[in-house]
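# A look at the structure
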Amino acid sequence: MTSVDSIYQTVVEDQTELIRRFRPDGRLTFVNGAFCRFYGKRPEELLGANFKDLLDPEESDAIAEQVFSISPENPEIITEPRYVDALGRVRFVQFATKGIFDDGGNVVEFQSVGRDVTAQREAEATLAEARVAMEKASRVTTLAVVGGGIAHEINQPLNAIRILTASAQLLAERSEQPGKDLVRILGDIAAQVDRADSIVNHLREYLRQKQDAAPKACDLGAAVRSALSLIQSQFGARGIRTELRIDEDLPRVSGTCIRFEELVANLAANAMQALDEVERKQKCVRIDVRSPEKGKVALTIADNGPGFAEEMTGKMFEPFFSTKSPGSSMGLGLSIVQTIVQAAGGTVTARNRPEGGAVIRVVLPAAEGNGV
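For the structure given in this document, a descriptive report is provided here. Treat the numbers as computed from the prediction; the structure is a model and nothing was measured.

### Re the state of the cysteines
The final tally for this structure, using the stated rule, is 1 disulfide. In this model, Cys218 is linked to Cys257 through a disulfide, with the two sulfur atoms separated by 2.1 Å. Judged by the sign of its S-S torsion, about -105 degrees, the cystine formed by Cys218 and Cys257 is left-handed. Taken as a pair, Cys218 in strand β7 (residues 216-218) and Cys257 in helix α8 (residues 257-275) lie far apart in primary sequence, 39 residues in all.

Shown next as structure tokens:
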């Protein structure tokens, strides 16, 4: 071995990356110390063995097919095989494999440099689990907002049906020919049943729809109206006046329509809770949906509540951040809003109104094909 070869081997052996070389028949010709330590084997156990022997049987053929597809036109590929160690732990290593070619363009050997990405993949899996948990918490939070108004909304037609039914019975008992009055009352009862059915079906559809459905062109104004139809009674119960302005001929936005309803429900709940903290002769929430510029749609929700401290601006969209008393809020509302907005490629900002209260402004890009 020449001094240059000796220096090269020393450098390779000192690397923390996993280095291997193998022939076109798959047999290993070189492995460094880091490679041996990762797989828990001695060099003499590895040299001459097939690199496929270290792969999970379920994916070995697919990975080998990728590796052996290397050519002068496609000289390098990235693979990330699983490996179950002696303790039964699943580990992952990411290999960048290059082909070494002769003058005729034929592969004479393959060389791979790998790194252990187990910790990274485990962290990603944990993050994914946390994201799923947050999505579930998101739905619970939104349903808590929506659910508060459902009982009231359904009780209204039920009470009307009760009164109308009693009137019909009384009319039938006291009149020999109820005639048109009875027909009218029965028609009113049918209308109230339809109203209750519509409320239940809307809620059922909300629960049924997948939040990760493929994005499509959505009418943001319609999403606002739909969300408000489920929570409007809560505004009334709190003595809050609502002002709604939705411009005509708005461009549609790209996203999951049910998630935009969730966004509106959370922003409305945030405004209602803020107004609970103040005494006002007239509490008001104003909701505007407009197109402030070409290719944009903006949703603005403003209230005349207490506003927020300026130091909160950088924290209010963080998960679980809340200024409310423990147990009264999960601190997810604005974080959910930001997640939905970012997924749609938009922005969300918050500011205080000079006359008092807060303004949350969401700006979304118009969906492609709007002609804007």
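Now that the structure has been shown, we can carry on.
### Things to note about the packing of aromatic side chains
Across all of its chains, the model carries 9 aromatic pairs by this definition. Between the aromatic rings of Phe22 and Phe51, the centroid separation amounts to 4.4 Å while the plane-to-plane angle is 20 degrees, which identifies the pairing as stacked. Of this pair, Phe22 sits in strand β1 (residues 18-22) while Phe51 sits in the loop between α3 (43-46) and α4 (57-67); the two residues are 29 residues apart in sequence, bridging distant segments of the chain. The class for Phe22 is buried, based on a relative accessible area of 0%. Taken together, a centroid distance of 4.9 Å and an interplanar angle of 80 degrees make the contact between Phe38 and Tyr39 edge-to-face.

### With respect to α8
With 19 residues, α8 should reach 27 Å at 1.5 Å per residue; the first-to-last C-alpha distance of 27 Å fits that figure. Within α8, 16 of the 19 residues are buried, which leaves it mostly tucked inside the rest of the structure.

### So, the sheet that holds strand β11 (residues 296-303)
Ordered by their spatial adjacency, 5 strands build an open sheet running β8-β10-β11-β13-β12, and the pairing between neighbours is mixed. Two strands bound the open sheet, and with one partner strand each, they are β8 (240-246) and β12 (347-352). Looking at each pair of strands side by side, their axes are set apart by 10 degrees on average, direction ignored. As paired elements, β12 and strand β13 (residues 358-365) share 6 bridges and run antiparallel to each other. Looking at β13, one finds that Asn352 is bridged to Ala358. Contacts from helix α7 (residues 220-237) reach β8, β10 (283-290), β11 and β13 within the one sheet, and its direction differs from that of β8 by about 170 degrees. Where α8 meets the sheet, it contacts β8, β10, β11 and β13, and its direction lies at approximately 25 degrees from that of β11.

### Brief notes about the pattern of salt bridges
Following the criterion strictly, the structure yields 18 salt bridges and no others. Ionic pairing is found between Asp56 and Arg82, a salt bridge with its closest N-O pair at 3.2 Å. Of the two residues, Asp56 sits in the loop between α3 and α4 while Arg82 sits in strand β4 (residues 82-84), which places them 26 residues apart along the sequence. On the accessibility criterion, Asp56 (16% relative accessible area) is buried. The partner of Glu124 in a salt bridge is Arg121, with the nearest N and O atoms 3.0 Å apart.

### Focus: the packing of α7 against α8
With their axes 8 Å apart at the nearest point, α7 and α8 run at an angle of 40 degrees to one another. Considering their axes alone, α7 and α8 lie oblique with respect to each other. Crossing hand, α7 versus α8: right-handed. Contacts between α7 and α8 pair Leu220, Ala223, Val224, Ser226, Ala227, Ile231, Gln234 and Phe235 from the former with Cys257, Phe260, Glu261, Val264, Ala265, Ala268 and Met272 from the latter.

### Quick look at α7
The terminal C-alpha atoms of α7, which comprises 18 residues, lie 26 Å apart, in line with the 26 Å expected from a rise of 1.5 Å per residue. Three or more residues of α7 are buried, namely Leu220, Gly221, Ala223, Val224, Ser226, Ala227, Leu228, Leu230, Ile231, Ser233, Gln234 and Phe235. Immediately downstream of α7, the backbone of Gly239 shows phi near 70 degrees, a positive value.

### With respect to the environment of Asp188
Considering the arrangement of structural elements, one finds Asp188 in helix α6 (residues 179-208). For Asp188, a relative accessible area of 30% corresponds to the partly exposed category.

Reading guide: rules and limits
Per chain, residue numbering runs from 1 following the sequence as it is written. This being a predicted model, a pLDDT of at least 70 is required before a residue's local features are given, and a value of 80 or more before pairs of side-chain atoms are given or counted; all residues contribute to the totals for chains, interfaces and linings. To obtain the side-chain values, all non-hydrogen atoms of the structure were used and water was disregarded. By disulfide we mean two sulfur atoms from cysteines, separated by a distance within 2.5 Å. Every helix listed is a DSSP run of H or I at least four residues long, and every strand listed is a run of E at least two residues long, numbered separately from the N terminus. Aromatic pairs are defined between Phe, Tyr and Trp rings, using the six-membered ring for Trp, whenever the two ring centres lie within 6.5 Å; interplanar angles under 30 degrees are classed as stacked, those over 60 as edge-to-face, and all others as tilted. Only protein chains enter the area calculation, which uses a 1.4 Å probe; residues under 20% of their type maximum are buried, those over 50% are exposed, and those in between are partly exposed. An expected span of 1.5 Å times one less than the residue number is assigned to each helix. When DSSP finds two or more bridges between two strands, those strands count as paired. Only C-alpha atoms enter the line fits that serve as axes; for helices the fit covers just the stretch in contact. Angles between N-to-C directions range over 0 to 180 degrees. By the convention used here, residues are in contact when the closest approach between their heavy atoms is within 4.5 Å. Salt bridges are defined by distance alone: a side-chain nitrogen of Lys or Arg within 4 Å of a carboxyl oxygen of Asp or Glu. Any angle from 65 to 115 degrees is called roughly perpendicular, while one under 35 is roughly parallel, one over 145 is roughly antiparallel, and all others are oblique. Crossing chirality is assigned from the near helix's rotation relative to the far helix, an anticlockwise turn below a right angle marking it left-handed and a clockwise turn marking it right-handed.

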